[in-house]
Amino acid sequence: MAGTTEKLMDIYHAARGRFGHQGWWPGETPLEVCVGAILTQNTNWANVEKAIANLKAAGKLSVTALHETDHAELAALIRPAGYFNVKARRLMNFIARVHETFGDDLAGFLDRSVHTLREELLAIKGVGRETADSMILYAAGQCSFVVDAYTCRILLRHGLIDPEADYEAVKDLLEGSLADDVELYNDFHAQFVAVGKHYCRPTARCDGCPLEHLPHDADAGAEAR
């Protein structure tokens, strides 16, 4: 496992050396992080920011206020995030679970063991593994590595996972190889995103990539393009 840990940290330090500390997540409060984690599905963060700005302007950024908002109004407010009817329902499902179990106390809802919190989040319709782990890491401040397409592509091309590795297998590899450090998990995920957006795209752009000097196969995963 030491070899895997060393390879992962080489990736992290090389990326951070290029991009610097990323300071994620961009939400100002735990509730904004949770709302953003749901709204950012299949869209970019700039659109999510517009939707969150609408919620703020309407005085809706509390568990109680969101719980009291009907579907049509909520969908209209989050329209900039796209798929607004679907996302409104997912957000309402999440808020309903928090309200039913902890009232307006989101901090209490989040202040549980990673296992308990993750199981509860995954039981909410519309909250998938990446969304749940984003909430746990960035809103609850607990160690749960967030895996996304960028993470998988980079790890595959650097020989750390097989093409068949699923979300939980990648998550287990990362969490089993890295120290339990919230700040490391936080910034490492952000570094994966930075490398993936700028260089490790479906068609690799290795020239100038901060990971270019590390052993890799730029064509790995080509069948998934």
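Read on for a plain summary of the structure. (Residues numbered from 1 in each chain as written. Predicted model: local features only at pLDDT ≥ 70, side-chain atom pairs only at ≥ 80, totals over all residues. Heavy atoms only, no water.)

When you line up the elements, alanine 132 lands in helix H9 (residues 129-139). Along the chain, alanine 132 and arginine 118 lie 14 residues apart, while their C-alpha atoms are 6.3 Å from each other. For alanine 132, the contacting residues outside a window of four places in its chain are Leu121, Leu122 and Val127. (Helix = DSSP H or I, 4+ residues; strand = E, 2+ residues; numbered from the N terminus. Contact = heavy atoms within 4.5 Å.)

Let's shift gears to the nonpolar core. Counting 66 residues, the largest nonpolar core has Phe94, Leu106, Leu121, Leu174 and Phe188 as the members making the most contacts within it. In terms of residues, this core owes the most to one element, helix H2 (residues 30-39), which gives 7 residues. (Core = buried A, V, L, I, M, F, W, Y, C linked by side-chain atoms within 4.5 Å. Buried < 20%, exposed > 50% of the residue type's maximum accessible area, 1.4 Å probe, protein only.)

The subject of this paragraph is the environment of threonine 101. The residue threonine 101 is located in helix H6 (residues 84-102) in this model. For threonine 101, a relative accessible area of 39% translates into the label partly exposed. Once the C-alpha coordinates of threonine 101 and alanine 204 are considered, the two residues, 103 residues apart in sequence, prove to be 46 Å apart. For threonine 101, the side chain forms a polar contact with the main-chain oxygen of arginine 97, separated by 2.7 Å. (Polar contact = N/O pair within 3.5 Å; in protein donor to acceptor, adjacent residues only side chain to side chain.)

Let us look at the packing of H9 against helix H11 (residues 167-177). At a minimum axis distance of 11 Å, the contact between H9 and H11 shows a crossing angle of 30°. Between H9 and H11, the angle is such that the two are roughly parallel. Relative to H11, H9 is oriented so that their crossing is right-handed. Of the residues in H11, those touching H9 at Arg129, Glu130 and Asp133 are Tyr167, Glu168 and Lys171. Considered class by class, the residues forming the contact of H9 with H11 number 1 nonpolar, no polar and 5 charged. (Axes fitted to C-alpha atoms, helices over the stretch in contact; angles between N-to-C directions. Parallel < 35°, antiparallel > 145°, perpendicular 65-115°, else oblique. Left-handed = near helix turned anticlockwise from the far one by under 90°. Nonpolar A, V, L, I, M, F, W, Y, C, P; charged D, E, K, R; others polar.)

Turning our eyes to something else, we now look at the packing of aromatic side chains. For the coordinates displayed, the defined rule picks out 11 aromatic pairs. With a centroid separation of 6.3 Å and 70° between ring planes, the pair formed by phenylalanine 145 and phenylalanine 192 is classed as edge-to-face. On the criterion of sequence distance, the pair formed by phenylalanine 145 in the loop between H9 and helix H10 (149-157) and phenylalanine 192 in helix H12 (residues 182-198) is long-range, its members being 47 residues apart. Across the pair, phenylalanine 192 and phenylalanine 145 agree in class, each one buried. Members of the aromatic cluster, joined through ring pairs, are Tyr12, Phe145, Tyr185, Phe188 and Phe192. Over the face of the ring belonging to phenylalanine 109 we find arginine 112, whose NZ or CZ atom lies 4.7 Å from the ring centre. (Phe/Tyr/Trp six-rings, centres within 6.5 Å; stacked < 30°, edge-to-face > 60°. Lys NZ or Arg CZ within 6 Å of the ring centre and 35° of its normal.)

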